[in-house]
Amino acid sequence: MTWALVSDSTCEIRSIDHLAPDTAFYTVPLKIRVGEREYVDNAMLDTEAMLEAMANYNGPSSTACPAPEEWAEKFLLADQVFAITITSGLSGSYNSAMVARDMVLESHPEKKIYVMDSLSCGGELALILWHVNELIAEGTPFEEVCAEAERYCSERTLLFALANFDNLVKNGRMNRLVGFMAGKLNMRAVGIASDEGKISMVHKTRGEIKMLAFMMEEMDRRGFIGGPVVISHCNNSEGAYRLSAGIRAKWPDSKVTVLPCGGLTSFYAEEQGIILGF
């Protein structure tokens with residue numbers, strides 16, 4: 001029996017090392033629309049060019065989820081499929097994948113397809129995919145893989161830190177004057193993905209050092225004692241590696257992976273933003 005791990009492009013990764021036997025990994029791209037231009041969030045995307053276009057465009061930018069046919073194309077490639085999407089609170093990607101699942105099962109009822117709403121984005125999806133790959137390598141049955149993935153997901157947390165608010169202002173989610181002053185005052189906003197998959201702001205501070213310290217304090221408050229961590233950043237490798245060093249110093253049993261943000265997560269994180277999954 002062949003397996004496919006399928007994710008939309010918000011998972012930050014485009015490949016998985018040491019894939020389980022008879023297992024393939026695929027990503028399905030979201031799109032970012034800036035004015036009349038559309039950027040496809042895949043390995044060929046020039047994220048720098050996209051961010052520059054967003055900064056230079058006076059109007060709001062938007063995103064579009066994959067069509068059901070894009071998901072279905074991947075679902076047809078294996079006997080057993082585990083798929084995961086960005087939170088349905090931010091995108092229609094989950095609903096699109098579910099439509100694709102029904103389409104494929106109607107014509108191929110022998111297949112097994114599970115679609116998970118991560119209620120998150122970024123590195124938390126990567127953590128779940130890596131865990132599922134390990135389960136498959138151990139020969140875990142399909143139903144048990146899906147149940148364990150849900151349990152594992154429920155124990156993960158996502159934090160994000162914003163240093164730039166242009167996109168929020170242009171999309172009408174922040175007052176223009178407030179966004180301007182926040183930038184001038186070197187403000188940072190820290191948020192968390194809620195249990196319902198919504199974005200909740202939990203803290204504001206001045207300067208990156210205080211922001212990173214708060215993120216580690218929040219990890220402590222949420223009971224982190226070590227384990228896998230993914231930090232993704234939007235043109236802020238210095239901040240990401242400083243956070244990584246702090247985590248490894250405080251929790252030596254941590255395995256920290258630092259990744260650049262993909263196109264869709266760069267759209268949300270903006271310049272200098274950091275997304276932390278643990």
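What counts and how
- Residues numbered from 1 in each chain as written.
- Predicted model: local features only at pLDDT ≥ 70, side-chain atom pairs only at ≥ 80, totals over all residues.
- Heavy atoms only, no water.
- Helix = DSSP H or I, 4+ residues; strand = E, 2+ residues; numbered from the N terminus.
- Buried < 20%, exposed > 50% of the residue type's maximum accessible area, 1.4 Å probe, protein only.
- Pairing = 2+ DSSP bridges.
- Axes fitted to C-alpha atoms, helices over the stretch in contact; angles between N-to-C directions.
- Contact = heavy atoms within 4.5 Å.

Asks: Is there a simple way to think about unusual backbone geometry in this case?
Replies: The general pattern is negative phi for most residues beyond glycine and trans for most peptide bonds. We note that Asp22 has phi near 60 degrees; this positive angle belongs to a residue other than glycine. Of note, Asp22 is situated in the loop between β1 (3-8) and β2 (23-28). By relative accessible area, which is 56% here, Asp22 ends up exposed. Not every positive phi belongs to a glycine, and Leu119 is a case in point at roughly 55 degrees. Take Leu119: its relative accessible area is 30%, and that puts it in the partly exposed class.

Asks: Please clarify how the sheet that holds strand β7 (residues 112-117) should be interpreted in this entry.
Replies: The strands making up a sheet associate through hydrogen bonds between their backbones, and the pairing can be parallel or antiparallel. As summarised here, the arrangement of the 4 strands in space is β2-β1-β6-β7, forming an open sheet in which the pairing is parallel. In this open sheet, the two strands that pair with only one neighbour each are β2 and β7. Sheet twist, expressed as the average angle between the axes of neighbouring strands with direction ignored, equals 15 degrees. With 6 bridges joining them, strand β6 (residues 80-85) and β7 adopt parallel strand pairing. In the strand pairing of β7, Ala83 is matched with Val115. Contacting β1, β6 and β7, helix α3 (residues 93-107) runs over the sheet at an angle of about 170 degrees to β7.

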